[in-house]
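Below are the chains, spelled out letter by letter.
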Amino acid sequence: QVQLVESGGGLVQTGGSLRLSCAASGRTFSSYAMGWFRQAPAKEREFVAAINRSGDSTDYADSVKGRFTISRDNAKNTVYLQMNSLKPEDTAVYYCAATLMVPNRAASRYGYWGQGTQVTVSS
């Protein structure tokens, strides 16, 4: 029922910043909690951040806490991931996902996924 398209990925040096965007289709965006996940080469997909429907509650993986910020603009049907102080270990394909359930760290709780956007952090 919702289509997600990520953008904003690219190549950045260690310590740099990048902002990812995830644009959702439809007019029911505010019904979904949103999450960001990432998958590095030869690794499993891991939770990065999540945000509730109204945008007033967030959750972060310990590995990104203090460096990344998830936010949403329901008027624009868009969720963002601001990434600061990037490290080489942040290199991965980043995916946004939507769920009609409460925000969750488990990928299995999300029923809708974007195509992913590549983030590469060079040393």
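Now for a look at the structure at hand.

About the criteria used
- Residues numbered from 1 in each chain as written.
- Predicted model: local features only at pLDDT ≥ 70, side-chain atom pairs only at ≥ 80, totals over all residues.
- Heavy atoms only, no water.
- Phe/Tyr/Trp six-rings, centres within 6.5 Å; stacked < 30°, edge-to-face > 60°.
- Helix = DSSP H or I, 4+ residues; strand = E, 2+ residues; numbered from the N terminus.
- Buried < 20%, exposed > 50% of the residue type's maximum accessible area, 1.4 Å probe, protein only.
- Contact = heavy atoms within 4.5 Å.
- Polar contact = N/O pair within 3.5 Å; in protein donor to acceptor, adjacent residues only side chain to side chain.
- Pairing = 2+ DSSP bridges.
- Axes fitted to C-alpha atoms, helices over the stretch in contact; angles between N-to-C directions.
- Salt bridge = Lys/Arg side-chain N within 4 Å of Asp/Glu carboxyl O.

## So, the packing of aromatic side chains
Point 1. Tallying each qualifying case throughout the model produces five aromatic pairs.
Point 2. Aromatic side chains Tyr-32 and Tyr-112 sit 5.8 Å apart centroid to centroid with 90° between the ring planes, which places their arrangement in the edge-to-face category. Residue Tyr-32 is found in the loop between β3 (18-24) and β4 (33-39), and its partner Tyr-112 is found in strand β10 (residues 112-113); the two are separated by 80 residues along the sequence.
Point 3. A relative accessible area of 23% means that Tyr-112 is categorised as partly exposed.

## Let's talk about the environment of Asp-90
Point 1. Inspection of the secondary structure assignment puts Asp-90 in the loop between β8 (78-83) and β9 (92-99).
Point 2. With a relative accessible area of 1%, Asp-90 lands in the buried category.
Point 3. A C-alpha to C-alpha distance of 16 Å links Asp-90 and Ser-7, two positions 83 residues apart in sequence.
Point 4. In this view, Asp-90 contacts Arg-38, Arg-67, Phe-68, Ser-85, Val-119 and Val-121; residues no more than four positions away in its chain are not counted.
Point 5. There is a polar contact of 2.9 Å between the side chain of Asp-90 and the side chain of Arg-38.

## Things to note about unusual backbone geometry
Point 1. One non-glycine residue with positive phi stands out, namely Ala-42, at about 65°.
Point 2. Along the chain, Ala-42 falls in the loop between β4 and β5 (46-51).
Point 3. In this model, Asn-77 sits at a positive phi of 55°, which is unusual for a non-glycine residue.
Point 4. With respect to the secondary-structure elements, Asn-77 resides in the loop between β7 (68-73) and β8.

## Some thoughts on the sheet that holds β7
Point 1. Spatial strand order, β1-β3-β8-β7: four strands in an open sheet with antiparallel pairing. In this open sheet, the two strands that pair with only one neighbour each are β1 (4-7) and β7. Averaged over all neighbouring strand pairs, the angle between strand axes comes to 15°, with direction disregarded.
Point 2. Two elements, β7 and β8, share six bridges in a ladder whose sense is antiparallel. Paired with Phe-68 across the strands is Met-83, a residue of β8.

## What to know about the pattern of salt bridges
Point 1. Following the criterion strictly, the structure yields five salt bridges and no others.
Point 2. We note a salt bridge from Asp-62 to Lys-65, for which the minimum N-O separation is 3.5 Å.
Point 3. Using a relative accessible area of 63% as the deciding quantity, one classes Asp-62 as exposed.
Point 4. One salt bridge connects Arg-67 with Asp-90, and the closest N-O pair in it is separated by 2.7 Å. Separated by 23 residues along the polypeptide, Arg-67 in the loop between β6 (58-60) and β7 and Asp-90 in the loop between β8 and β9 bring together distant segments of the chain. Here Arg-67 matches Asp-90 in class, with each residue buried.
Point 5. When salt bridges with common partners are traced through the structure, they connect Arg-38, Glu-46, Arg-67 and Asp-90 into a single cluster.

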